There are 2 protein chains.
Amino acid sequence: MSLSYVPLLELERIRSLDVDPAERVHAFADACRINTLTMVEQAGSGHIGTSFSSMDIVSWLQLEELRDGDRYFSSKGHDAPGLYAILIGLGRIEFDKLFALRRLGGLPGHPDVLATPQVVTNTGSLGMGVSKARGFVLADRLAGREGRVFVLTGDGELQEGQFWESLQPTANRGLGEITVIVDHNKLQSDTWVAKVSDLGDLGRKVEAFGWAVRRCDGHDVQALAQTVRELNAAEPERPKLVVADTVKGCGVRAMEPHDVPQEETSLYGFHSGAPGPEAYAAGLAELVELLNGRLERLGAGPVALEERPAPVRRAPERPQRLIQAYGEALLTEAGREPRLVALDADLRLDTGLVAFRERHPERFFECGIAEMDMVSQAGAMALAGLLPVCHSFACFLTPRAAEQIFNNATEGTKVLYHGSLAGIVPGGPGHSHQMVRDIALMGSVPGMAAIEPYCEEEVRAVVAWAVHEAVGPVYIRLVSPPWELGFEPPAVELAAGRGTVLREGDAGTFVCTGPMLVSQAWAACEQLGDWGLIALPWLRGIDGAWLAEAASGAIVTIDNHVLSGGQGEAVLAALAAAAPQAASRVRSVGIDRVPACGTNDEVIEAHGLGADALVDCARRELSLLLENG
Amino acid sequence: MSLSYVPLLELERIRSLDVDPAERVHAFADACRINTLTMVEQAGSGHIGTSFSSMDIVSWLQLEELRDGDRYFSSKGHDAPGLYAILIGLGRIEFDKLFALRRLGGLPGHPDVLATPQVVTNTGSLGMGVSKARGFVLADRLAGREGRVFVLTGDGELQEGQFWESLQPTANRGLGEITVIVDHNKLQSDTWVAKVSDLGDLGRKVEAFGWAVRRCDGHDVQALAQTVRELNAAEPERPKLVVADTVKGCGVRAMEPHDVPQEETSLYGFHSGAPGPEAYAAGLAELVELLNGRLERLGAGPVALEERPAPVRRAPERPQRLIQAYGEALLTEAGREPRLVALDADLRLDTGLVAFRERHPERFFECGIAEMDMVSQAGAMALAGLLPVCHSFACFLTPRAAEQIFNNATEGTKVLYHGSLAGIVPGGPGHSHQMVRDIALMGSVPGMAAIEPYCEEEVRAVVAWAVHEAVGPVYIRLVSPPWELGFEPPAVELAAGRGTVLREGDAGTFVCTGPMLVSQAWAACEQLGDWGLIALPWLRGIDGAWLAEAASGAIVTIDNHVLSGGQGEAVLAALAAAAPQAASRVRSVGIDRVPACGTNDEVIEAHGLGADALVDCARRELSLLLENG
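Here is what the cut-offs are and how they apply
Residues numbered from 1 in each chain as written. Chains lettered and ligands numbered in written order. Predicted model: local features only at pLDDT ≥ 70, side-chain atom pairs only at ≥ 80, totals over all residues. Heavy atoms only, no water. Helix = DSSP H or I, 4+ residues; strand = E, 2+ residues; numbered from the N terminus. Rg over C-alpha atoms; globule rule 2.2 N^0.38 Å. Buried < 20%, exposed > 50% of the residue type's maximum accessible area, 1.4 Å probe, protein only. Contact = heavy atoms within 4.5 Å. Areas by Shrake-Rupley, 256 points an atom, 1.4 Å probe, with all protein chains shown as cover. pLDDT = per-residue confidence, 0-100. Salt bridge = Lys/Arg side-chain N within 4 Å of Asp/Glu carboxyl O. Polar contact = N/O pair within 3.5 Å; in protein donor to acceptor, adjacent residues only side chain to side chain. Phe/Tyr/Trp six-rings, centres within 6.5 Å; stacked < 30°, edge-to-face > 60°. Axes fitted to C-alpha atoms, helices over the stretch in contact; angles between N-to-C directions. Parallel < 35°, antiparallel > 145°, perpendicular 65-115°, else oblique. Left-handed = near helix turned anticlockwise from the far one by under 90°. Nonpolar A, V, L, I, M, F, W, Y, C, P; charged D, E, K, R; others polar. Least-squares fit on C-alpha atoms with pLDDT ≥ 70 in both. Pairing = 2+ DSSP bridges. Right-handed = clockwise from strand over helix to strand, strands pointing away.

Draft legend 1. Local environment of the overall build of chain A. The helix and strand tally for chain A stands at 23 helices and 18 strands. The C-alpha radius of gyration of chain A comes to 26 Å, within 12% of the 25 Å expected for a compact globule of 629 residues. Taking the principal axes of its C-alpha atoms as reference, chain A extends roughly 80 × 55 × 50 Å. Per-residue burial for chain A yields a buried fraction of 69% across its 629 residues. Taking contacts inside chain A between residues at least 6 apart in sequence as the whole, the part at least 24 apart equals 79%. When the accessible surface of chain A is split by element, carbon and sulfur atoms take 47% of a total near 19,700 Å².

Draft legend 2. Broad picture of the confidence of the model for chain A. Overall, the prediction assigns chain A a mean pLDDT of 97, with 100% of residues at 70 or greater. For this predicted complex, the interface confidence reaches an ipTM of 0.98, while the overall pTM sits at 0.98.

Draft legend 3. Quick look at the interface of chain B and chain A. Between chain B and chain A, the contact holds 93 residues from the first and 93 residues from the second. Joining chain B to chain A, the criterion identifies 6 salt bridges. For Glu403 of chain B, the salt bridge is made with Arg437 of chain A, and the minimal N-O distance between the two is 3.4 Å. The interface formed by chain B and chain A contains 45 residue pairs in polar contact (both at pLDDT 80 or more).

Draft legend 4. Structural context of the environment of Thr513 of chain A. All names here are of chain A. Along the chain, Thr513 turns up in the loop between strand S15 (508-512) and helix H18 (515-528). Overall, Thr513 belongs to the buried group, its relative accessible area being 4%. Ignoring sequence-local partners within four residues, the contact set of Thr513 consists of Glu452, Pro453, Tyr454, Glu458, Val518, Leu536, Pro537, Leu539 and Gln567. A polar atom in the side chain of Thr513 sits 2.5 Å from the backbone oxygen of Glu452.

Draft legend 5. Expanded view of the packing of aromatic side chains. The tally for this structure, following the rule as stated, stands at 26 aromatic pairs over all chains. Measuring from centroid to centroid gives 4.9 Å for Phe510 of chain A and Trp531 of chain A, while their planes differ by 35°, and the two rings are tilted. Of this pair, Phe510 of chain A sits in strand S15 while Trp531 of chain A sits in strand S16 (residues 531-535), and the two are 21 residues apart along the sequence. The same class applies to Phe510 of chain A as to Trp531 of chain A, namely buried. An aromatic cluster is built from Phe163, Trp164 and Phe209 of chain A together with Phe163, Trp164 and Phe209 of chain B, whose rings are joined through pairwise contacts.

Draft legend 6. Up close: the packing of helix H13 (residues 371-383) of chain A against helix H6 (residues 129-143) of chain B. It is the contact of H13 of chain A with H6 of chain B, at a shortest axis distance of 7 Å, that shows an interaxial angle of 45°. As the angle between them shows, H13 of chain A and H6 of chain B are arranged oblique. Where H13 of chain A crosses over H6 of chain B, the two elements pack in a sense that is right-handed. Along the contact surface, H13 of chain A presents Asp373, Ser376, Gln377, Ala380, Met381 and Leu383 of chain A, while H6 of chain B presents Ser131, Lys132, Arg134, Gly135, Phe136, Leu138 and Ala139 of chain B. Among the residues making up the contact of H13 of chain A with H6 of chain B, the classes are represented as 6 nonpolar, 4 polar and 3 charged.

Draft legend 7. Inspection of unusual backbone geometry at higher detail. Residues and elements named next belong to chain A. Of note, the bond from Val425 into Pro426 is cis; its omega dihedral lies within 30 degrees of zero at 0°. For Pro426, the location among the structural elements is in the loop between strand S11 (416-420) and helix H16 (438-443). The phi torsion at Lys186 lies on the positive side, around 70°, for a residue other than glycine. When you line up the elements, Lys186 lands in the loop between strand S4 (178-184) and helix H7 (193-197).

Draft legend 8. Structural context of the relation of the copies chain B and chain A. Between the two copies, chain B and chain A, the superposition gives an RMSD of 0.0 Å; the rotation angle is 180° and the shift along the axis is 0.0 Å. The relationship between the two copies is best expressed as a two-fold rotation axis. Here 100% of the interface residues in chain B have copies in chain A that are interface residues too; the copies meet face to matching face.

Draft legend 9. Layout of the environment of Val389 of chain A. All names here are of chain A. Among the secondary structure elements, Val389 is positioned in strand S10 (residues 387-393). Remark: the alpha-carbon pair of Val389 and Tyr475, spanning 86 residues in sequence, is separated by 9.8 Å. Val389 has contacts with Tyr326, Leu330, Leu340, Val341, Ala342, Leu343 and Leu416, leaving out every residue within four places of it along the chain.

Draft legend 10. Representation of the pairing of strand S3 (residues 149-153) of chain A in the model. All names here are of chain A. By the criterion of burial, S3 is predominantly enclosed, with 5 of the 5 residues buried. Of the two faces of S3, both are covered, the one formed by Val149, Val151 and Thr153 as well as the one formed by Phe150 and Leu152. Where strand S2 (residues 71-74) and S3 come together, 4 bridges link them in parallel fashion. From the neighbouring strand, Tyr72 faces S3, where its bridge partner is Phe150. Regarding the hand of the β-α-β motif, the stretch spanning S3, helix H6 (residues 161-172) and S4 is right-handed.

See the structure below:
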């Protein structure tokens, strides 16, 4: 199979067409849709739906509206593939990067100013757009520079409190330089915004904060341009917001939500993830037809595509699927514990809650992208006698609700927290989604147990323990992608503070958890021969005396987390307290910088967590240990 | 000098008066104002202004409105003294606790369900009220229980994004059981809400989120009761919000803001802190006259007060004033670095920014109680070429903006963060304000330097280093209360990763920072004789080789922070990496639970951080070390 793309010369031809500017923008946008589709299929993941819904808006901004000194950025950031396709089409990013989406040294899954200087600011964690716009304008004003700031937001994104927090101060300062355009495609990660957490009368709300608001068709460039022009003329002093009605996946009918019923249980399939060969081919054909129809109407010849071979990807053969195991385990324990209720922040599909919601709709609370609100709500539920379990990706749950989680913990109640997508894999979405600070954040909450299983059976044991045995709050940390361990995990016996000795070895012992690290350490042990491996699920409350006994030789802790506040430091502290001499045998390996974006293999290697790097580290440690003897 | 209070029998007489209920509530509220004034003067600190502005509202709720199954709590929580006075007056908290505000085992500075079971939920960190109310109502509905929830909020509090995040989902679920009353006293911590970050048309805003809104006089109980009654009749299905116009400090003319000009530079004096003997005596006389006038009009005899001696408090003689030194240092460096701008979250007075704002009004950005918004704004300013310094208490800045701080760090820019009120002192406000997780939170951000000075001169060196030499973001952690060290600090030479050897000793060495810990460790050394003391300002990036050399004998690290992710674990990790044998000499002392509320001496002792406890610990460690050889 091959992938097709619009080459640079063709993109240049299209944006040089001597026709009505709006028509030119539409043709350019459709060409960029083709390249976006190909980028994402090539990468194996990426946000197509929102790239397509915003494509006409962003193409118009970049081709027609932005002047020197102006800034544009997307607050949601998920639409990065679409933006990259446009910047490539404008010759502002080198063309070959089209094939390097989500690759190390390529184009990150979410915008990054260090990787892509054409990007204005880092986004991908939601709701920061207006705050950032205000910072730019105030800095420009202080420096006597002129410039406007255009910010694209999602609609689901507007469930985040920071968006509303930022509106009034921006109006109070009369920052007329700012125009927000809402890519109102009515769908968020899981399903319809109206079914997740309805926004109500968005225009009226934003107006009440002192902003000037208009609404228009976000796929009609002429209407959009006129709306913005009129708004600027009428309201030069006030910040402005345009609700642009768009269609998620716009351009490919099968990616548009025509067949997604307006129901809570619906799921939309093209938020993130690659389309796969069939949907790719059909989508490509449809987009080419659309573009050629446009070109024909504009009196121009059809587009000449180029091709390249599609990448071959290997699916894991016998992977551990922790999220699936979690979902099943939670359902099982919910049957035994009637007080258990589940709260979700628009990631039902990704946190394993689909079946729970179906089985126990009255015990499932969809909170939308509103982690603070979800967590404080859960705290009150716990005070009122329930056992709430809060769900989201670790990157959103643990920092955004850090204060609310602590507040709950001070009440002496039991709330469980599920943080998935933990660690550096998947490597594609980039650092906004690769959570490597959550152990430090959750582990510093007094009384919080923190635990990360490495295999499906341990997931089941952890969930059962958290629901029935833990006396206080628990953080359950999960690596999301299905992962091959390289061995069949033995039976799990969960014991407080202790782990499973997977291999014994006299020279030294790796201590880590999570399927990604355990698989790497296992492979390292295979090379080393005389090294042992302990899978230690406890991130806090580690039994140092047990570990000092169980771990022979040099002890190398490995963290899928920054070193500061990770499991390695907890191991060291536990050993120093219980068996001081063992503390001098410890070396900690982990993340020491902002996570790199790339394929899983690339980021594992980039951070020195691959089997070969662990072998090197083990040999180095052993010789040091012998030297210090 | 003596303090006067309304004894329980008199409170019972007043709330049993056979008169119009609204008049009775007003008389009871005034009696509770007297007791609140006395509580706060006795405690030496506490929030009088907001206790007085909300006193009529809360008295009415507790005496007339709440029924079995209903819940009431204050989202701001600062008004705890007022609530306690009311609950004491109702016989629901034992009377003697009137004299135990902010004492260990007494009534905490902010509401705490574990310390005071009559309290519904823990608050004091702002903006969580509506989220919690929703949790209570949803749990009650699930259990088939009926009950309403009344939530009091501040007005400055409504600058927090979580409040707005929580509104729409509450309206969407039709939670008519919830009534929010805004104690709209128009003043926040520093000054007028309108001058800090104006709320705009509050009623229109909340209505736009689908809530039913009314406005009334919050000091007219009859009007308030009627407003709530009418609102419930008209809008049974919708959540309701009443904007209650109140006067901060209401009841004592000198504590009301009549003389605070409507200007940005104004400062209101009775937000927190005890009034002091003169203002106390004048306030008491005024309140007694007010109450007796009411009683006379109601045909009742004057109130019979009782007295007790006022506590005697010793002011520190030669304290280190870090906040003042910080403010001066920032001003100095701002003169040398024109790119430096300061951002504040309504704590100008408490973070040392008053002079900066006066000298550089164009480089000062007041953001209101909106930490997320402030930090993202600062990130954009840094991208645009400025050197922004974000200010707030550590307890609000570091967890509430945890995600935004990380996002800034991923951009490779330099933003400085000032987190004061760090650690367990002052012990009076309670755990919502005693920040003991910030080193873990900030220290896990890749590239973030984290530093905490122990004396004024070190503050100056730290600020100069952060502004001129640091290449990336810096977290500056500060203990706020003026503190006596017990010795004259030597000259400071700030060297990367290293500290100051304050005392040498062969037996062992204390390693810590901050004036509170250094003073305790110094006093412990005086008792021990043969112990040394190193003041180590670096919370991360510690020079392990230097420390292993500089610290003789047993090494006891002391943390004004939880052990997980604190300085002690960073010391241990640095030693393990650079001088493994030294790691086996370390014992870490720190906080292992939610901080206790009490006087400074009480909380220091409760957490085992006092000089005597350190002496015991040192002797224990030394004998262990000798045993282990």
